[in-house]
Structures are given as C-alpha cells and as structure tokens.
Amino acid sequence: MRGFILKRNIAWFVFYTALGGIVLIFFFPFLWVMFTSFQDAENAGAIPPDFLASPTLDNFRSVFEEGEFLTCLWNSTVVVVLTLVANLIISLPAAYIIARNRQGWMMFLILFLQMAPWITLLLPWYIIFKKLGLYDTYFGLVLSDLTFMIPFTIWLMLGFFEDVPVEVEEAAWLDGCSRMGTFVRIVVPLVKGGIITITTLGFMFCWNIFIFPLVLAGYDTKTLPVFVYGFMADNQLDFGPLAAAALLTMLPVIIFVLINQKHFRQGIAFGGGK
Amino acid sequence: MNESSPAERLLDYVDRQVRWLFSLPAIIVMLCLFAYPLFRLIWASFTNELLSSSSKPVFIKLANFSRLFFEDDHFWRSLWITLYFAVGSTVGQLMLGMALALFLNRQFKGEATFRMMLMFPIIATPVAMSLVWSMLMNPMMGHLNYYLSWLGFGGSLWASDTATVMPSLIFVEVWHWTPMTMLVLLAGLKSLPREPFEAATVDGASKAQVFTTITLPLLQPYIFLLLLMRLVHGLKVFDKIFVISGGGPNRASESLNLMIFDQAFGATNFGYASALGVQLLFVILLISIILFKFRQRKWSY
C-alpha cells in the first residue's frame, strides 16, 4: 500500500514538473516582456540577464512621449467598437435566416469566404478605397474588418440560433408580435451567450489585425499594431522601450479576453480560430 | 386593416419580406467587399496596371502569368517557402497539440490557472509578440541563445541566417497556435464515449493500440477541421514573417504573401502582384479541394 502511494506521488511529481515545463515554454515570452519593459537602457537585454535590477518607468514614458501612441490607442478602440456593433447588426439577422432555412451550399460559401488570403483582397481594396475616399478613414477600416467578421459570426451563430425552438417564435407570433419584434425581443436575448462569444473573439481579431490597417490606414487612423511596427523600426535595438510598446499594445486585448475567458474558450474550441 | 397607418403598413411589409431584408445587408457588404474585389483582382492580373501612375492600364493577356511561371525565379521559390511554412507549422501544431491534449486529458489541481496561462499566446497581438520573439532571437543580444547555452545547447543565428530562418518562423507560428489545437483536441477527447476504451482495456490492448485504433478514428472530425483551418491559415500568414524576418535574409523567407505585398506596394507593379495573388488563391483552393476529396474517400465511416 505504501509503495502504491509513493508511486502515485512520484507520478504526480513527474506530471507537475512536465506541466511546469510546458507553462514555461508558452508563458516565458510574456514574463520576459514584462520584466524587460521595466529595465533601464543598461540592463534591458543584457547578458546574463538580471530582471530585477534597477526598475524604471522610463520605457513607458518614452512610448507615451512618442505622442502617436495615445492617438493610435484611440483609433484602435474606435475601429474595434464600431466593427463589433456593425457586425452584430449585419450578421445576426443573416445568421438567423440561414439557420431557419439551412442549405448546404451556404455553409460551403461561408467556409470559402474564410479561406481567401487577406493580401489578395487588399490589392483591389486599396485601389477601390482610394477612389471612393475610404482610404485612411474609420469607415474603411471597419469595412475591411467586417470581411472576416461577417462569415465568422454567421458560422458561429448558426448553432446558437438552431437551438432556439421554433415553437417559442410561433407562440410570440400568435400573441400578435411581428416577426421583427419576435426576433429582437425574443430570439436575440436567447442567443446572448453566442453574442458574448462573438464579441470576445471579434475584439481579439479586430484589435490584433495588422495587414489591413498597414495598407488602408494612413496618418489619421493608424492603429496600435501598425504603431508598434513603426516604433520597432525607429528603436532598432533599444529593448526596453520596444518591450514597453509591445506590452502596452497587447495589454487591452489580454484584459478584455481574460474577463470573458469562458466564452473565449468555447468559441476557440468551436470555431478553431479564424 | 384598411385604416392602417403608413408606419404599420411598412412594418407589415417588413414582416412579409423578412427573409430578404434580414440577409440583405450581409449580402450587400459581402458582394462589395468580396465578389467585386475578386473580380477586380482577376481583371487586373491581365493588365499592366501600376499603382504609381494614373495612365490607363493596358490589357496584356497572359503576359503576367508567363512572366511569373517562366521568367521570375523567385515565384517558384516563394511558392515553396509558402508551402513549407504552412505544412511545417500545421504538422508541428497538430502533433504537439495532440501530445499535450493526451497528456492533459485528466483532472488535476490548478487546471483552470494552467488553461488561462496557455491562452496567452493566442490572445496577444501577433505583431507585438513577433517583435518580442525577434528580440529574443537576436543573435547578439537575444536571450534565447543564452538560455540554450545554459541547457547545454549551442547558439543559433535564428532569423538572421538563410538556413535557420524558416525553422525559426515555423517555431514562432507553432508556439502561437499550439495552445489552440490543444484546446480543440482536448474538448474532442473529453467528448468521446467511454465504452470503447473500457472494452479495449478489458481486452488487454496496449496504450499505443488504443490510440491508433480508437482515439484517432474517433477524433477524426476534429483533426480534419484543424488540418484544414491550420493549413489554410498557414498559407495566409503575413505579419509574423513581415515583422521577424521581413522576407530576408536574402529573400530566404519571402513567402507569396510578402512577395505580393512587395510587388504591389513596393515596386507598384499592381498588375503583376494581382497575377501572383490569383496564384495564391488558386493554391489555397486546390489544397482545400484535395483535403475534402481525401476525407470523402479515405475517412468516411
């Protein structure tokens, strides 16, 4: 009996050691960027590293002093919020209709839409957007983000809408509720879980997207990922400020997703990402 | 009914046409952002359109395509780089994700914390993380070589050498997405019925036998979805390569995505870039079709 317990304890010890190793590999860059962002020019990136030496806020100061940072933060926020709202208004009704009249070819089309490489869409967009005056506008960036948000939202929401029993709607119609009213007041509240999931994933996709704003945003609407890229070119080997900029860029999206962790995990397990 | 106000009549109309009105906005947006641009792309691939000049583009038939197939040495090379990256990172993510999912398919203390920490790579902004990795991989100042020497390994030039740049980029991609494949496969493992496993244990099957004859076939729908999604995603990757290596050194990591970007916005050869874009679309379509056919023939129940 004692031998058995000992063996089990050893098994758990091996398990947790391996677990620690896995966590370290996947989490270590985040620890590194956190510590490096607080180090002065002399210690950031020094070998051997001393992560606790002379902590300073200078790196963050130099990111904020760039001036552009706050503007880009604002731009990112505006684009993400507008995209998420527009996406729900456009995609929810469409997903509802498709769920109620499901057809195989529609699923195939949606899958196909998610396959087109972004760069091939960007080429014609650039010309079209310039011509229509959408270049370097919030509206243009929202449109570009909607291209991947709409198919993904419809794809994900189908299951949620199918779970709403038709009887519930029929009962509402009998009570004299219009179809519009039924949808807004009865069906949409029933798919709240799906809406939170799509908002969480959408926040992540739209916050993180780089290639669209890189081409379609000029000086006025530059978003944070594009700012980081530019900052990188300006501060080649200055690890401290670079780490601070990287950290500040991903902090909002990490916080937002962690708040909605459960829904995020469901969405990822379901859709397998973009 | 006759005395209904205009507003009521409007509502009535909306109700009768709800099918179309509800899907119309999505259809319009997708037509404008997908259908027309794709048409525009294909049209431009037959012209010598330039981004820099406003002169009218001339229809040059298949000249762009013959240039890309027969004259441009880098096209075939970048096609190979694109496939290498996509296949390499997909295989890495799936194998590592499967191994981790099998390892973690149990209940243990701290599971929630562990899962939360593993989500970080998926959530964090790829450009920011690419920047972090490029700092870590810096051959002179990067800490990766330092830690490796600690463990007794020699250093590497990582993304600064033509021989190691592709494995380095694949490594970052695998690091980025393995948590996701793991989460999907873990969800799959947890949803499997218990009976076949119990029966196999009673029959005295080895762990390897159980895995190949029961676990893998049962997980097949998950694996197929991941394979398709990850492969297509791998063929589209732009930001990691753009930030970490910029296609270099000596164009050794210039995938089709970067080559198109460079041709269009660097060299302003819009027509030629469009022809390259058509090729990339074609490759993705072809690979998806092959995968679907393969699934129908080999994996149907």
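This structure is a prediction, so every number in the text was calculated from the model and none was measured. (Residues numbered from 1 in each chain as written. Chains lettered and ligands numbered in written order. Predicted model: local features only at pLDDT ≥ 70, side-chain atom pairs only at ≥ 80, totals over all residues. Heavy atoms only, no water.)

Enquirer: Lay out unusual backbone geometry in plain terms, naming residues and giving numbers.
Expert: The backbone of Asp136(A) shows a phi angle near 60°, a positive value even though the residue is not glycine. Checked against the element boundaries, Asp136(A) lands in the loop between helix H5 (118-132) and helix H6 (138-162). For Trp158(B), which is not glycine, the phi dihedral falls at a positive 50°. Within the secondary structure, Trp158(B) sits in the loop between helix H7 (143-150) and helix H8 (165-191). The exposure class of Trp158(B) is buried, given its relative accessible area of 14%. (Helix = DSSP H or I, 4+ residues; strand = E, 2+ residues; numbered from the N terminus. Buried < 20%, exposed > 50% of the residue type's maximum accessible area, 1.4 Å probe, protein only.)

Enquirer: Please give an account of a nonpolar patch on the surface that cites residues and values.
Expert: Residues and elements named next belong to chain A. A surface patch of nonpolar side chains, about 430 Å² in accessible area, is lined by Leu-6, Ile-10, Phe-13 and Val-14. Examined against the element boundaries, Leu-6 turns out to sit in helix H1 (residues 2-36). Relative accessible area serves as the criterion here: at 53%, Leu-6 is assigned to the exposed category. (Patch = residues over 30% accessible without salt bridge, like charges linked within 9 Å, V, L, I, M, F, W, Y side chains within 5 Å. Areas by Shrake-Rupley, 256 points an atom, 1.4 Å probe, with all protein chains shown as cover. Salt bridge = Lys/Arg side-chain N within 4 Å of Asp/Glu carboxyl O.)

Enquirer: Summarise the domain arrangement of chain B; cite the residues concerned and give the values.
Expert: When the parts come together, some accessible area is lost, and that loss is often what is quoted as the size of the interface. Residues and elements named next belong to chain B. The domains assigned to chain B are domain 1 (6-44) and domain 2 (68-298). Using only C-alpha atoms to locate each centre, domain 1 and domain 2 end up separated by 36 Å. At the interface, 5 residues of domain 1 touch 6 residues of domain 2. Of the roughly 380 Å² buried between domain 1 and domain 2 on both sides combined, carbon and sulfur atoms contribute 81%. At the junction of domain 1 with domain 2, the criterion picks out 0 salt bridges. A per-class count over the side of domain 1 that touches domain 2 returns 4 nonpolar, no polar and 1 charged. (Domains from an automatic or database assignment. Contact = heavy atoms within 4.5 Å. Buried area = accessible area lost by both parts, 1.4 Å probe. Nonpolar A, V, L, I, M, F, W, Y, C, P; charged D, E, K, R; others polar.)

Enquirer: Describe the interface of chain B and chain A, with residues and values.
Expert: Opposite the 89 residues of chain B that make contact, chain A presents 86 residues. Roughly 8400 Å² of surface becomes buried between chain B and chain A when both sides are summed, with 83% attributable to carbon and sulfur atoms. The largest contributions to the chain B side of the interface with chain A come from Phe22(B), Leu33(B) and Ile123(B), which together make up 9% of the buried area. On inspection of chain B and its partner chain A, the count reaches 0 salt bridges. Between the two partners, chain B and chain A, sit 8 residue pairs in polar contact (both at pLDDT 80 or more). The leading source of residues in the side of chain B that touches chain A is helix H2 (residues 18-44) of chain B, at 15 residues. (Polar contact = N/O pair within 3.5 Å; in protein donor to acceptor, adjacent residues only side chain to side chain.)

Enquirer: I'd like a description of the packing of aromatic side chains, backed by residues and values.
Expert: This model, assessed by the stated rule, comprises 54 aromatic pairs over all chains. Centroid distance Phe27(A) to Phe120(B): 5.0 Å. Interplanar angle 80°. Geometry classified as edge-to-face. With Phe27(A) in helix H1 and Phe120(B) in helix H5 (residues 111-123), this residue pair bridges two chains. Relative accessible area serves as the criterion here: at 10%, Phe27(A) is assigned to the buried category. (Phe/Tyr/Trp six-rings, centres within 6.5 Å; stacked < 30°, edge-to-face > 60°.)

Enquirer: Any details on the environment of Val80(A)? Residues and values, ideally.
Expert: Residues and elements named next belong to chain A. Note that Val-80 resides in helix H3 (residues 68-100). Sequence spacing of Val-80 and Leu-109 is 29 residues, and the spatial spacing of their C-alpha atoms is 26 Å. Excluding residues within four positions of it along the chain, Val-80 makes contact with Phe-203, Cys-206 and Trp-207.

Enquirer: Mind laying out the pattern of salt bridges, listing which residues take part and the relevant values?
Expert: What the rule picks out here adds up to 9 salt bridges over all chains. What emerges from the salt-bridge pattern is a single network uniting Glu111(B), Arg115(B) and Lys190(B).

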